[in-house]
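# Chains, contacts and geometry: an overview
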Amino acid sequence: METTGQSNEVLLGVNIDHVATLRQARGTRYPDPVQAAIVAEQAGANAVTLHLREDRRHIQERDLRLLRDIVQARLNLEMAMTAEMLEIAERYRPHDSCIVPERREELTTEGGLDVRAQLARTREACTRLRAAGVQVALFIDPEIEQIDAAVEAGAPCVEIHTGHYAEAAETASRAHELERIRAAVRHGLQRGLQVNAGHGLNYRNVKPVAALAGLGTLNIGHAIVAQAVFVGFATAVGDMRRLILEARAWRSSG
Ligand SMILES: CC(=O)[C@@H](O)[C@H](O)COP(=O)(O)O
Ligand SMILES: NCC(=O)COP(=O)(O)O
C-alpha cells in the first residue's frame, strides 16, 4: 500500500469485514459494507481493507466487485494464498493485496504468514499479483527472519501482525511486543520495504504503534466497527484518525 502525504504521515486503512459480519448474521442486505466504505472514506480513511475469506463468513465477492468501482482511495484485498483467491485478485485487480494465512476453524487471523517455510510458493504469488498490477503485501509476525524472507519472495511491502501486542495482558509483555514491532519496522525499512501494521489495534493501544517511525498504513477494523455501534461509523473512523495523527505529532515534537 502506497504511503502518501507527509513522509512521516501514517495512513489509516479501515477494515470493513465486521460490518459484513453483522449483515451475514441474519442474511439481510444491511448493513452494507459498501456503504461503510463510502462513509469511512468521507471520514478520512486513506484506504479500505476487506478480507474475502474462503468460507465467506463476512465479506462476499459482490462486495469486492462493487467496491472496486466505488472506492476513491486505495482498495486493499486481504486474501489467502490459494488458486481461487489469486484468480479473484487477478479478476478484480484491487490497488493492493495482503496475503494472510487462513484456517477455517480460526475465530480471526491467529498469526503471520510463514514466508520462510513456503518461499517458492510465496514468490510465485507475488509475481502473479505484480503482473496483474496489484501491489502485494505479506502479513507477517514481527520477526526479522520473515522480513528477510519477504524480500527474497519479491514482496515490496509487509504488514506487521500486531495481534500479540494487542492481546498482551501485562504491561511488561506489551512493552516487549511493542519492541518486537519497532525492531521489525526498522528492519523492514532498512531492507527497502514499505511497512504497514495491523490486527487488534484499538482506541487504547493504537498510539504507541502509530508513533513508530516509518510506518506506512495501519489497518484497523474490529475496534472501529465496535465503536461505531455507539457513536456511528463516521465518528468512529474520525476518532481513530485523530488518535493516529496525535501520535505522529507527539513523535515529531521529539
Ligand atoms: C489479517 C488481519 O489481521 C485481519 O485483517 C483479518 O481480516 C482478520 O480476520 P477477520 O476480519 O475475519 O477477523
Ligand atoms: N490486517 C489487519 C486488519 O485489516 C484489521 O484487523 P482488526 O483491526 O480487525 O483486528
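Residues numbered from 1 in each chain as written. Chains lettered and ligands numbered in written order. Predicted model: local features only at pLDDT ≥ 70, side-chain atom pairs only at ≥ 80, totals over all residues. Heavy atoms only, no water.

This is how the line gets drawn: UniProt positions are given in the numbering used here, feature names are shortened, and annotations may be inferred rather than shown by experiment.
You'll find the chain entered in an unreviewed UniProt entry as Pyridoxine 5'-phosphate synthase, with Nitrococcus mobilis Nb-231 given as the organism. Word for word, the UniProt comment on the chain under Pathway (unreviewed entry) is "Cofactor biosynthesis; pyridoxine 5'-phosphate biosynthesis; pyridoxine 5'-phosphate from D-erythrose 4-phosphate: step 5/5." The UniProt entry for the chain carries the following comment under Subunit (unreviewed entry): "Homooctamer; tetramer of dimers."

### Overview of unusual backbone geometry
Filter applied, for reference: Secondary structure follows DSSP: runs of H or I at least 4 residues long count as helices, runs of E at least 2 residues long count as strands, and numbering of each begins at the N terminus.
Here the residue pair Tyr30 and Pro31 is connected by a cis peptide bond, since its omega of -15 degrees sits within 30 degrees of zero. Note that Pro31 resides in the loop between helix H1 (17–26) and helix H2 (33–42). With a phi close to 50 degrees, Arg56 is a non-glycine residue in the positive phi region. Along the chain, the position of Arg56 falls in the loop between strand S2 (47–51) and helix H3 (61–70).

### A look at the site of ligand 1
Put simply, the rule is: Working definition: residue near molecule or strand if any one of its non-hydrogen atoms lies within 4 Å of it. By the criterion applied in these results, polar contacts are pairs of N or O atoms within 3.5 Å in which, for protein atoms, one can donate a hydrogen and the other can accept it, and in which residues neighboring in sequence qualify only through two side-chain atoms. Surface exposure here means Shrake-Rupley accessible area, sampled with a 1.4 Å probe, where a residue is shielded only by the protein chains that are shown. Three residue categories are used. Nonpolar comprises Ala, Val, Leu, Ile, Met, Phe, Trp, Tyr, Cys and Pro, charged comprises Asp, Glu, Lys and Arg, and polar comprises the others, including Gly.
Residues in close proximity to ligand 1 include Asn15, Asp17, His18, His51, Arg53, His58, Glu78, Val100, Thr108, Thr109, Phe139 and His199, which together make up its full environment. In the model, an oxygen atom of ligand 1 is placed 2.5 Å from a nitrogen or oxygen of the Asp17 side chain. Measuring from an oxygen atom of ligand 1, one finds a side-chain N or O atom of His58 at 2.8 Å. In the complex, the protein chains occlude 92% of the 350 Å² of accessible area that ligand 1 would expose alone. Its residues assigned to classes, the shell around ligand 1 shows 2 nonpolar, 7 polar and 3 charged.

### Thoughts on the layout of surface pockets
Here is the rule: Here a cavity means grid points, on a 1 Å grid over the protein atoms only, where a 1.4 Å probe fits yet cannot get out; a pocket means an open set of points with protein on both sides within 12 Å along at least five of seven lines; lining residues are those with an atom within 4 Å of a point. Grid points are joined across faces, edges and corners, and a volume is the space filled by probe spheres set on the points.
Each pocket or cavity is described by its volume, and for the largest pocket that value is around 590 Å³. His18, Thr108, His199, Gly200 and His222 are, among the 30 residues lining the largest pocket, the residues nearest its centre. Of all the elements in the fold, those that place two or more residues in the lining of the largest pocket are H1, S2, strand S8 (217–220) and helix H10 (222–231). With 4 residues, H10 is the largest single contributor of residues to the lining of the largest pocket. Its residues assigned to classes, the lining of the largest pocket shows 8 nonpolar, 16 polar and 6 charged.

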